[in-house]
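What follows is each chain in one-letter form.
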Amino acid sequence: MKIRGFTLVELLVAMAILAILTALATPSFKRIIQSNAISNGVNTFLADMRYARSEAIRLGGGVVMCRSDAPEAANPTCGSGSGPGGNGWVSGWIIFHDLDNSLQKANAEPLLRVQAPITNIDAIGDNGGSTKFAFTATGRLRNLSSSAARLQFGSNDNFTNDMQRVVCVTVGGRARISGDGTAGCP
């Protein structure tokens, strides 16, 4: 009578091979996970910028997208983005219809969209301190200077330059991906 199965030596050899393959594959999985995190963050931001711009055109202006220290609060407000979980826009943002043109969310003003803090990216920094984007009835930005705003997704501490993404927002209200972490905005 023949007994089928694995010997202890065969099992240990198979586990050693599996451990070696896992050790070789882990760095690539980390890179894929980080790349997906950056892509998701950028896509979420771009989608909300397009939404805010289209709502401004639909509502006749006065739509603001601003970063918030506590976007999921009962009555969220615009903030510096340096509150709990801060580091710029990574703390989250809100989009609201600014009826009184104060660039600040009042209780009576309708909240159009809320983005919770983005936890899988460590920073969404900007070059000019852009804490809000206010759109006019034509879809243009009313509070941006003649140069484009530059937002960098991912810090140099945790993401390599080729994984980072730079988003440029023009005076015309359009946001686009400019390139990796070394890219500038025209």
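It should be noted that the structure appears before, not after, this text.
Residues numbered from 1 in each chain as written. Predicted model: local features only at pLDDT ≥ 70, side-chain atom pairs only at ≥ 80, totals over all residues. Heavy atoms only, no water.

1. Describing the overall build of the chain
Logical step 1: Helices and strands together make up the secondary structure of the chain, namely 1 helix and 8 strands.
Logical step 2: Secondary structure elements of the chain occur, N-terminal to C-terminal, as α-β-β-β-β-β-β-β-β.
Logical step 3: The C-alpha atoms of the chain give 23 Å as radius of gyration, which overshoots the globular expectation for 186 residues (16 Å, by more than 25%).
Logical step 4: With respect to the three principal axes, the spread of C-alpha positions in the chain is 90 × 40 × 30 Å.
Logical step 5: Looking at the 186 residues of the chain, the share that counts as buried comes to 40%. (Helix = DSSP H or I, 4+ residues; strand = E, 2+ residues; numbered from the N terminus. Rg over C-alpha atoms; globule rule 2.2 N^0.38 Å. Buried < 20%, exposed > 50% of the residue type's maximum accessible area, 1.4 Å probe, protein only.)

2. Focus on the side chain of Q115
Logical step 1: Secondary-structure assignment places Q115 in strand β3 (residues 111-115).
Logical step 2: Setting aside its immediate chain neighbours within four residues, Q115 contacts T44, D48, P71, G92 and W93. (Contact = heavy atoms within 4.5 Å.)

3. Remarks on the pairing of strand β8 (residues 175-179)
Logical step 1: Of the pairings in the sheet, the one linking strand β7 (residues 165-169) to β8 comprises 4 bridges and is antiparallel in character. By the bridge assignment, V166 is partnered in β8 with G179.
Logical step 2: Where β7 folds back onto β8 in an antiparallel hairpin, the turn is made up of 5 residues, including G173, whose phi is positive at roughly 90°. (Pairing = 2+ DSSP bridges.)

4. Brief notes about the packing of aromatic side chains
Logical step 1: Inspection of every chain in the model, using the stated rule, returns 5 aromatic pairs.
Logical step 2: Pairing F45 with W89 gives two aromatic rings, centres 5.5 Å apart and planes at 85°, and the pair type is edge-to-face. With F45 in helix α1 (residues 8-59) and W89 in the loop between β1 (63-67) and β2 (93-97), this residue pair connects regions lying 44 residues apart in the sequence.
Logical step 3: Both rings, one in W89 and one in F133, keep their centres 5.6 Å apart while their planes meet at 20°; by these two values the pair is stacked. Placement of the pair is W89 in the loop between β1 and β2 and F133 in strand β5 (residues 132-135), with a sequence separation of 44 residues.
Logical step 4: Overall, W89 belongs to the buried group, its relative accessible area being 0%.
Logical step 5: Aromatic ring contacts, followed pair by pair, group F45, W89, W93, F133 and F153 into a single cluster.
Logical step 6: Over the ring of Y51 we find R113, and its NZ or CZ is 3.8 Å from the ring centre. (Phe/Tyr/Trp six-rings, centres within 6.5 Å; stacked < 30°, edge-to-face > 60°. Lys NZ or Arg CZ within 6 Å of the ring centre and 35° of its normal.)

5. Topic: the sheet that holds β3
Logical step 1: Spatial strand order, β3-β2-β1-β5: 4 strands in an open sheet with antiparallel pairing. Each end of this open sheet is capped by a strand with a single partner; those strands are β3 and β5. Direction aside, the axes of adjacent strands within the sheet are offset by 10° on average.
Logical step 2: As paired elements, β1 and β2 share 5 bridges and run antiparallel to each other. Following the sheet pairing, V63 is matched in β2 by H97. (Axes fitted to C-alpha atoms, helices over the stretch in contact; angles between N-to-C directions.)

6. Regarding the state of the cysteines
Logical step 1: Under the counting rule described, the total for this entry stands at 2 disulfides.
Logical step 2: In this model, C66 is linked to C78 through a disulfide, with the two sulfur atoms separated by 2.0 Å. Residues C66 and C78 share a disulfide whose torsion about the S-S bond is about -85°; that sign makes it left-handed. Note that C66 is positioned in strand β1 and C78 in the loop between β1 and β2, a separation of 12 residues in sequence.
Logical step 3: A relative accessible area of 13% places C78 in the buried class.
Logical step 4: Two residues share a disulfide in this structure: C168 and C185, whose sulfurs sit 1.9 Å from each other. Because the sign of the S-S torsion sets the handedness, a value of about -90° for the bond joining C168 and C185 places this disulfide among the left-handed ones. You can see C168 sitting in strand β7 and its partner C185 sitting in the segment after β8, a full 17 residues away along the chain.
Logical step 5: In this structure C168 comes out as buried when scored by relative accessible area, which is 1%.
Logical step 6: The exposure class assigned to C185 is partly exposed, which follows from its relative accessible area of 23%. (Disulfide = S-S within 2.5 Å.)

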